[in-house]
Amino acid sequence: MSLLEVSGLSKRFGGLHAVKDVSFRVEKGTIKAIIGPNGAGKTTLFNLVSGVIPPDSGAVLLRGEEVNGCPPHRIAAMGVSRTFQQIRLFAQMTALENVMVGVHPRSRAGFLAGMFHLPWTWREERDIERRAREALELVGAADLAGADATSLSYGQQRSVELARAVAAEPELLLLDEPAAGLNMRETSELAKLIKRIRERGTTVLIVEHDMGLVMNVSDEVAVLSYGEKIADATPRAVQKDPEVIRVYLGDDAC
Amino acid sequence: MLGSRYARVALFLAAVVAVQLLAHAAEKPFFLTQLTMAAYYTLVAAGLSLLMGYAGQISLGHAAFFAIGGYASGYLTTVDLTARREGPLVAVLARLHVLVPHADLYGGEALSFHPWAAFAVAVVLTLAVAWLIGVPVLKLKGHYLAMATLGFGTIVYSILLASESLGAADGLGSVPPFPLLPGISVGGGRAARVANYYVAWGLVALALLVLSSLVESRVGRALRAIHGAEDAAASMGVDVARYKLKTFVLSAVLAAVGGSFLTHFNAGIGPAEAGVMKSVRYVAIVAVGGMGSLWGTVATSAVLTFLSLRGYFGTLDDAVFGAVLIAVMLFSPDGVLRFDPRGALRTARDRLRGSGVAG
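Caption draft 1: Geometry of the overall build of chain A. Counting its secondary structure elements, chain A contains ten helices and ten strands. Relative to a compact globule of 254 residues, whose C-alpha radius of gyration would be 18 Å, chain A shows 19 Å and is just as compact. Oriented by its inertia axes, the alpha-carbon framework of chain A measures out at about 70 × 40 × 35 Å. Long-range contacts, defined here as pairs at least 24 residues apart, represent 68% of the contacts in chain A between residues at least 6 apart. In the structure as shown, chain A presents an accessible area of about 11400 Å², 51% of it carried by carbon and sulfur atoms. Separation of charge centres in chain A, based on 30 positive and 33 negative side chains, amounts to 3 Å.

Caption draft 2: Examining the pattern of salt bridges more closely. Under the criterion given, the structure shown has 28 salt bridges over all chains. Close ionic contact of Asp231 of chain B with Arg88 of chain A constitutes a salt bridge, the shortest N to O distance being 2.7 Å. On the criterion of chain membership, the pair formed by Asp231 of chain B in helix H9 (residues 230–235) and Arg88 of chain A in the loop between strand S6 (80–82) and helix H3 (95–102) is interchain, its members lying in two chains. A single network of salt bridges, built from pairs that share partners, joins Asp127, Arg130, Arg131, Glu134 and Glu169 of chain A.

Caption draft 3: How the structure looks around the domain arrangement of chain A. Residues and elements named next belong to chain A. Along its sequence, chain A is carved into domain 1 (11–79 + 170–254) and domain 2 (89–169). Taking only C-alpha atoms, the centre of domain 1 and the centre of domain 2 are 26 Å apart. Remark: the boundary between domain 1 and domain 2 carries zero salt bridges. Our enumeration of links across domain 1 and domain 2 arrives at four residue pairs in polar contact (both at pLDDT 80 or more). At the level of elements, helix H2 (72–77), strand S7 (172–176) and helix H7 (184–199) are the ones that each hand at least two residues to the side of domain 1 that touches domain 2. By residue class, the composition of the side of domain 1 that touches domain 2 is eleven nonpolar, two polar and five charged.

Caption draft 4: Unusual backbone geometry, seen in detail. Residue and element names in this part refer to chain A. Here the phi dihedral of Glu169 falls at roughly 45 degrees; this positive angle occurs in a residue that is not glycine. Within the fold, Glu169 resides in the loop between helix H6 (154–166) and S7. In this model, Glu177 sits at a positive phi of 45 degrees, which is unusual for a non-glycine residue. Relative to the elements of secondary structure, Glu177 occurs in the loop between S7 and H7. Among the residues examined, Glu177 registers a relative accessible area of 8% and is labelled buried.

Caption draft 5: Here's a closer look at helix H5 (residues 115–137) of chain B. Residue and element names in this part refer to chain B. The terminal C-alpha atoms of H5, which comprises 23 residues, lie 32 Å apart, in line with the 33 Å expected from a rise of 1.5 Å per residue. Taken together, the buried positions of H5 are occupied by Pro115, Ala117, Ala118, Phe119, Ala122, Val123, Thr126, Ala130, Gly134 and Val137. For H5, the secondary structure elements touched by its buried residues are helix H3 (62–78), strand S2 (109–113), helix H6 (142–162), strand S3 (178–181) and helix H10 (240–266).

Caption draft 6: Main features of the pairing of strand S3 (residues 31–35) of chain A. Residue and element names in this part refer to chain A. In terms of residue burial, S3 counts as a mostly covered element, since five of its five residues are buried. Taking every second residue as pointing to the same face, both faces of S3 are buried, with Ile31, Ala33 and Ile35 on one and Lys32 and Ile34 on the other. Where S3 and strand S8 (residues 203–207) come together, four bridges link them in parallel fashion. Bridging from a neighbouring strand, Ile34 pairs with Val207 of S8. Examined bridge by bridge, S3 and strand S9 (residues 220–225) share four bridges and lie parallel to one another. Looking at S9, one finds that Ile34 is bridged to Ala222.

Caption draft 7: Examining the packing of H3 of chain A against helix H5 (residues 119–138) of chain A more closely. All names here are of chain A. Two elements in contact, H3 and H5, have axes whose closest approach is 8 Å; the angle formed by their N-to-C orientations is 110 degrees. Overall, the two elements H3 and H5 adopt an arrangement that is roughly perpendicular. By crossing handedness, the relation of H3 to H5 is classed as right-handed. On the side of H3, the interface is formed by Leu96, Val99 and Met100, while H5 contributes Glu125, Ile128, Glu129, Ala132, Arg133, Ala135 and Leu136. Broken down by class, the residue content of the contact of H3 with H5 amounts to seven nonpolar, no polar and three charged.

Caption draft 8: Representation of the pairing of strand S4 (residues 57–62) of chain A within the structure. Residue and element names in this part refer to chain A. By the bridge criterion, five bridges tie strand S1 (residues 4–13) to S4 in an arrangement that is antiparallel. Following the sheet pairing, Glu5 is matched in S4 by Leu61. Adjacent in sequence and paired antiparallel, S4 and strand S5 (residues 65–66) are bridged by two residues, among which Arg63 carries a positive phi angle near 50 degrees.

Caption draft 9: Structural view of the environment of Ala83 of chain B. Residues and elements named next belong to chain B. Counting through the fold element by element, Ala83 comes out in the loop between H3 and helix H4 (88–95). Its relative accessible area of 80% is what places Ala83 among the exposed residues. Residues Ala83 and Leu111, spaced 28 residues apart in sequence, show a C-alpha to C-alpha distance of 8.9 Å.

Caption draft 10: Region of the structure containing the nonpolar core. Core analysis: the largest hydrophobic core is formed by 97 residues, its most contacted members being Phe90 of chain A together with Tyr40 and Trp201 of chain B. Element by element, the count of residues in this core is highest for helix H2 (residues 31–54) of chain B, at 16 residues. Once residues lying within four places of it in the same chain are set aside, the contact partners of Trp201 of chain B are Phe12, Val16, Leu35, Thr36, Ala38, Ala39, Thr42, Val298 and Ala302 of chain B. Ranked by size, the runner-up nonpolar core spans 46 residues in total, among them Leu138, Ala149, Leu175 and Val244 of chain A.

Reading the values: the criteria
Residues numbered from 1 in each chain as written. Chains lettered and ligands numbered in written order. Predicted model: local features only at pLDDT ≥ 70, side-chain atom pairs only at ≥ 80, totals over all residues. Heavy atoms only, no water. Helix = DSSP H or I, 4+ residues; strand = E, 2+ residues; numbered from the N terminus. Rg over C-alpha atoms; globule rule 2.2 N^0.38 Å. Contact = heavy atoms within 4.5 Å. Areas by Shrake-Rupley, 256 points an atom, 1.4 Å probe, with all protein chains shown as cover. Lys, Arg positive; Asp, Glu negative; His and termini not counted. Charge placed at Lys NZ, Arg CZ, Asp CG, Glu CD. Salt bridge = Lys/Arg side-chain N within 4 Å of Asp/Glu carboxyl O. Domains from an automatic or database assignment. Polar contact = N/O pair within 3.5 Å; in protein donor to acceptor, adjacent residues only side chain to side chain. Nonpolar A, V, L, I, M, F, W, Y, C, P; charged D, E, K, R; others polar. Buried < 20%, exposed > 50% of the residue type's maximum accessible area, 1.4 Å probe, protein only. Expected span 1.5 Å × (residues − 1). Pairing = 2+ DSSP bridges. Axes fitted to C-alpha atoms, helices over the stretch in contact; angles between N-to-C directions. Parallel < 35°, antiparallel > 145°, perpendicular 65-115°, else oblique. Left-handed = near helix turned anticlockwise from the far one by under 90°. Core = buried A, V, L, I, M, F, W, Y, C linked by side-chain atoms within 4.5 Å.

In structure tokens form, the structure reads like this:
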């Protein structure tokens with residue numbers, strides 16, 4: 001059974017068929033990339049998988065269980081975490097606090113426990129902080145723990161956001177254009193980091209423009225064009241696919 | 001964090017004692033009456049601070065929750081059920097001492113709810129109303145949420161004003177004292193002034209302890225996350241709708257506790273307590289105290305409410321709170337107690353130029 005299976009997924013926005021009958025699988029322990037030109041429906045696909053928007057038809061199966069229609073927080077609780085194309089850090093919170101929110105699915109202290117500072121929450125609180133610090137360390141941002149998250153540089157904010165997404169040690173990590181705005185050195189570090197995250201047991205689904213990164217880290221690549229899947233194979237095979245080349249480079253003149 | 005929280009509550013209690021000693025030394029013991037009343041209004045502001053400053057949700061209807069608490073306590077402790085004494089429910093409640101006989105206005109005997117029972121009903125009723133209102137209303141954001149809660153406040157005010165059984169425009173009177181602990185009752189009377197002052201501010205200290213624990217907990221972080229980026233919070237597994245609702249209900253219950261106690265202390269309550277201007281006043285206090293600053297809100301509430309109750313603002317009472325709100329929004333949207341003069345000048349300049357500030 002695949003960790004994630006998407007079958008026949010469709011989504012329309014008015015006249016725009018953003019995602020058209022898309023199916024693919026992500027096997028446990030792999031890194032899969034979804035590529036495609038701008039407007040191909042990649043981010044819509046991500047939002048469908050993470051529950052931000054419901055599909056018009058089709059199904060999203062997590063470990064064989066249908067999850068479409070579940071709200072984002074339920075899907076997160078099932079072990080799916082994500083980053084955003086536009087960085088969405090929590091303002092007026094430190095980097096560490098931001099990442100501690102990431103541990104939310106792995107902790108349970110509620111309103112009453114918080115209000116009365118119940119003893120069992122003390123250990124949980126320490127555990128949350130430990131996991132958060134580990135995640136910051138993983139992305140190489142341990143020294144940023146105390147900094148106000150939104151005052152950090154762009155690249156640092158990307159790191160903190162990634163730490164927040166992996167802090168709960170999710171089963172499936174969705175990365176929405178993680179290399180956007182990064183320079184070459186930062187991008188190659190990101191590639192190493194994504195591989196390290198996979199080694200920790202997290203399966204990764206990544207939407208990306210940066211071909212170098214995609215071809216470097218992915219086990220499989222699916223290509224979208226105008227909402228439809230036109231290829232789904234190993235990076236090497238996809239690079240040679242004439243349809244993919246046509247979509248990316250355009251038709252031969254005349 | 002833990003140490004600093006208890007240290008702050010201890011400091012707060014020291015300030016409470018200092019104010020009482022000061023009032024005594026200045027031979028103005030009657031100040032304690034308004035200070036006690038201010039404490040109960042401060043409970044509303046503290047709850048609203050959690051809702052607005054931490055969870056980022058506005059409410060222009062919190063005066064209504066204060067009034068629901070106050071009216072529930074006032075009504076149940078003054079309603080006379082003697083005529084229905086034979087009814088099975090009344091008989092059972094009387095046997096359980098939920099209903100107790102007491103002297104009525106005309107020297108006769110009336111059968112009403114015990115203040116504790118009335119208090120419990122007030123809390124549960126407010127919880128239920130806040131829940132029912134919160135579920136649909138909290139789907140709204142920003143201006144829309146403000147307008148919806150304003151509408152709710154207006155409805156409660158109109159109902160109170162139109163209900164003969166709740167005294168219509170006169171409100172409720174002759175509400176008995178609340179026997180809180182053996183020897184200590186929440187009620188007027190000069191002899192109990194000092195005790196009442198400590199009960200009221202002790203309650204505020206308790207609320208502060210509980211709320212500051214909450215904001216430093218896992219839930220508190222989640223609330224601040226909702227404030228910062230709702231969609232991202234949801235993607236981290238935070239049940240945004242549920243957290244907003246629970247915060248709304250919690251702040252409403254705190255308001256109701258304040259309303260219930262103040263009604264016993266003043267021996268009555270009127271419909272003006274549910275008025276829109278009261279709600280605006282609470283919002284102004286939270287804004288001055290600083291969004292996301294529980295302690296700032298409490299300090300601001302204590303000072304402004306006391307001054308207002310002593311009548312220092314005269315007939316301009318409501319206007320003062322309106323002006324305060326405008327000034328805060330223009331010059332220091334983060335609150336006066338976090339005032340940053342240079343930043344304020346910059347913000348004010350930008351705003352007066354009309355460029356606005358994003359977010």
